[in-house]
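Residue strings, one per chain:
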Amino acid sequence: MKGLLLPLLNTGLALLLAFALGAAAMWISGYDPVLSYGSMLATPLSDQTYLFSALAFSAPILLTGLTFAVGLKSGLFNIGAEGQAYMGALGAVVAAYLARDVLALPLAVLLGLVFAAAWSAVPALLRSWRGVNEVVSTIMMNWTAYWLVIMAVSTVFANPLQPEESVKMPEAARLTPLFPGTDLTLAVPLAYLTAVLIYVFLRYSVWGYRISISGQNPTVAKAYGIRPEQAVLVAFGIGALTAGLAGVLQVAARPPSYSLARNLANVYGLGFDGIAAAMLGRGHPIGVLLASVFLGILQEGARHMQIEAGTPFEFIRVIQGLLILFLALQMLRKI
Amino acid sequence: MKISLREIHKVFSDGTHALRGVSLDIFPGEVLALLGENGAGKTTLMKILAGVYRPTSGEVYIDGRGVKPKNARDALRLGIAMVHQHLSLIPRLTALENVAILEGASLSPASAELRKKVEKIAEELGFDIEWDRDVEELPLGMRQRVEIVKALYWGADLLILDEPTTVLSPPEVKALFQVIRRLKEQGKSVVYITHKIPEVLEIADRVAVLRRGLKAAEFAPPYDARKLVEAMVGEVKGESVERLGKPGERPVLEVKDLWVYEGGRTVVQGVDFSVREREILAIVGVEGNGQEHLVEAIVGVRKGRGVVKIHGGYAYIPDDRHKKALILEMSLVENAVIGKEGEFARRGLISWRDAERFAAKLIEEFGIVAPGPWALARQLSGGNQQKLVVGRELSRGGRLIVAHQPTRGLDVATTEYVQRLLISARNAGAGVLLVTSDLDEAYKLADTIAVMYRGKIVAYGPVDEMGVELVGRKMAGL
């Protein structure tokens, strides 16, 4: 357990610093940090409905976090989850448009994953064949997806009754709350299960091993017949599937709207929250799971902080940003 | 100023014994060449002088006074400056700004006075430097000149140049030699670290040869190139050990007309040879004559033009276990199955229990001293890391074994052990391509010897027809 202690301490330190500086920012801005943090953390943990809502927030963050974590393992800085989640959501919307019954659900998963994978294929192949830096290419793909999906949702797939959103998932194809009155759908256990599967994949599968070796030292990999350019493709591919699933589930399994907002509000930022979760979870799938639950609690808690302490929701962004900053500093020092 | 190093030892934290008691004098106004193979300890010794490393034991004297340089700035205050192989200027600052700053010192603005002084030093050396351009935009040769000016500006009396010609084109090399001569005229001393003999012949007033962390010999002109090579790579004392039977007929490796390029240079120039079963072919040569590129083209890490045919799989023991063979942050178990992970998998999943058993077997069989199979490779000493690599590779069961400097940096016992393993693999029918710059090792192991010089095989033949004198001469390019 010695190997676990140091990362935990480091993560704890980053959390402490982020919250301390966040508190300072609140105090300077004239808000009460004690009351703010109290309502932020206590409310979601003391009420089942709010807790479930926090877990519902955690699911898509976890899935996009896994994209980044698998990328890191293979030596990539794959920040394409954002755009791939848009494409996944678009897939679900297209399915909702095409099929008006229960079939829309499997179709949504299929199309969403295919769209996301296609979106990831561009940076993946560029990186694999020509060594094109994935940071630049995935950012470009993110923005292309952003405008493309907005265009699709505002035109062909717009909801004629509610033009600020897309067509809705047919009722038969929706994943509804497991407990009435909450936001907790099958999406949550599904996302957690995915994290476990990814863990098993990385730890036990041949390709998971090849990804780790290639990520740690491509020279060694090449010398012994492991091809890093293939490992990169696999890592990109798996990342696309989890990110695409996040997008699909935001449409098919997230009450109350079951549609994609025209400004993409219900998928916007998932990729970046995922990066935070992956960094906070130190790239380990189970760590990312725990981190995403924590971030989910913060997101849910921030709403209560706004109501109960009057502290603006945006402070959660400040804290999350600081957290990433401190975690990134620790990563840099290691390199 | 006269500098004396006395009985310098250096043991690194990973257990590498880089220096084993070296004493050396550097006199004012001389060019001392420090000759030796990679890993002989040349750079380590000079970094101790330049304040980069502290010696584990031993003393440094300047004009009879004991000194202990703590960092580069401290060394510079004593008049010692080192121009590192990987130059240490700040890319985003201009050449002039780089001269102005000093490790640990605050950034002083490039004043007119500074500029005048710097330009005067440059002029005396015949340098034409664009002082106001960012260093990252300057060619490597010019960056080196900036470093030399910087050292002189801060009052260095001893200039240590670490493999200065690796980044230079031939005309730049010529210019550098002129600068060195001019520095000498100004009364400065220069230590010239290299493994290239022609350079030594041209520039050195005196030569000290390091080998495996010890001073092997000192020479004064006129030099005998062959003696220099011999001191560098070790005299041939070994007898052939228990090689049983003659090499077979069937080739396990065929290389035909192989060319390898890097950055516009042709590093391997049309090499032909083959390795047969039950044969150890030693390719010898002073390092940097294309051996590394040749090996890496054969195992497919590098691209080459020509034909490489390997019959029946291969094992690869690279020259740098940290960078090319092991992943230090992973466990022995994970390292043991690199490249053979498929053998431990069923339906795509690796059985780590089987892998652990295999690692335990390697530990047992090859006498690897390790806390356990799940210990990180980093925790092992250099010798045990190498045993892990050799064990893993020999258990691959390939009919060809490519061994590149397999005993570099190992202690005597481990060296002996690894060499025995290679011979028994050969006796069992494998073909071994041994690329080494240790002549002793080559004569001890090889059935056939080939000499590589400037990317070509310049001599080739059975070991008993390849006399030491001939090989030494060919290695020196004569």
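This structure is a prediction, so every number in the text was calculated from the model and none was measured.

Undergrad: Help me out: how do you make sense of the environment of B:Ala413 in this one?
TA: Here B:Ala413 is to be found in helix H14 (residues 412–427). Between the alpha carbons of B:Ala413 and B:Gly383 there is a distance of 9.5 Å; along the sequence they are 30 residues apart.

Undergrad: So what exactly am I meant to see when it comes to the confidence of the model for chain B here?
TA: Any residue range with low pLDDT should be treated as having predicted coordinates unsuitable for detailed reading. Of all residues in chain B, 96% attain a pLDDT of 70 or more, and the chain-wide mean is 88. Confidence metrics for the complex model read pTM 0.75 and ipTM 0.85.

Undergrad: I would appreciate a short explanation of the sheet that holds strand E11 (residues 251–262) of chain B in the present structure.
TA: Whether parallel or antiparallel, the strands of a sheet pair through hydrogen bonds between backbone atoms. Residue and element names in this part refer to chain B. Within the open sheet, the three strands sit side by side as E12-E11-E14. Their pairing is antiparallel. Here the strands that pair on one side only, and so sit at the sheet edges, are strand E12 (265–276) and strand E14 (305–310). On average, each strand axis in the sheet is tilted by 15° relative to the strand beside it, whichever way the strands run. Sheet topology note: the E11/E14 ladder contains five bridges and is antiparallel. Within the sheet, the bridge partner assigned to Val-255 lies in E14 and is Val-308. The sheet strands contacting helix H9 (residues 291–298) are E11, E12 and E14, and the helix crosses E11 at an angle near 120°.

Undergrad: Explain the domain arrangement of chain B to me, please; I cannot follow it from the model alone.
TA: Think of interface size as the accessible area that goes away when the parts come together; that is how it is often given. All names here are of chain B. Taken as a whole, chain B is organised into domain 1 (3–233) and domain 2 (251–475). Listed per partner, the contact involves twelve residues of domain 1 and 14 residues of domain 2. Looking at which element gives the most residues to the side of domain 1 that touches domain 2, the answer is helix H8 (residues 225–233), with four residues. Of the residues assigned to the side of domain 1 that touches domain 2, the class counts are three nonpolar, five polar and four charged.

Undergrad: Can you help me understand the interface of chain B and chain A in this one?
TA: In this assembly, 19 residues from chain B lie in contact with 15 residues from chain A. Of all elements in the fold, only helix H10 (321–325) and strand E17 (349–350) of chain B reach the threshold of two or more residues within the side of chain B that touches chain A. For the side of chain B that touches chain A, the leading source of residues is H10(B), giving three residues. Classifying every residue of the side of chain B that touches chain A gives twelve nonpolar, three polar and four charged.

Undergrad: Explain the sheet that holds strand E15 (residues 314–317) of chain B here, please?
TA: All names here are of chain B. Reading across the sheet, the six strands line up as E15-E18-E19-E13-E20-E21 and stay open at both edges, with mixed pairing between neighbours. Only two strands of the sheet have a single partner each, and these edge strands are E15 and strand E21 (456–462). In this sheet, neighbouring strand axes are inclined to one another by 15° on average, regardless of whether the strands run parallel or antiparallel. As paired strands, strand E18 (residues 400–404) and strand E19 (residues 431–436) are joined by five bridges and run parallel to one another. In the strand pairing of E19, Ile-401 is matched with Val-432. Running over the sheet, helix H13 (residues 382–394) touches E15 and E18 and is turned about 170° from E15. Sheet contacts for helix H16 (residues 468–475): strand E13 (279–284), strand E20 (448–453) and E21; angle to E20, the most-contacted strand, approximately 25°.

Conventions adopted
Residues numbered from 1 in each chain as written. Chains lettered and ligands numbered in written order. Predicted model: local features only at pLDDT ≥ 70, side-chain atom pairs only at ≥ 80, totals over all residues. Helix = DSSP H or I, 4+ residues; strand = E, 2+ residues; numbered from the N terminus. pLDDT = per-residue confidence, 0-100. Pairing = 2+ DSSP bridges. Axes fitted to C-alpha atoms, helices over the stretch in contact; angles between N-to-C directions. Contact = placed C-beta atoms within 7 Å. Domains from an automatic or database assignment. Nonpolar A, V, L, I, M, F, W, Y, C, P; charged D, E, K, R; others polar.

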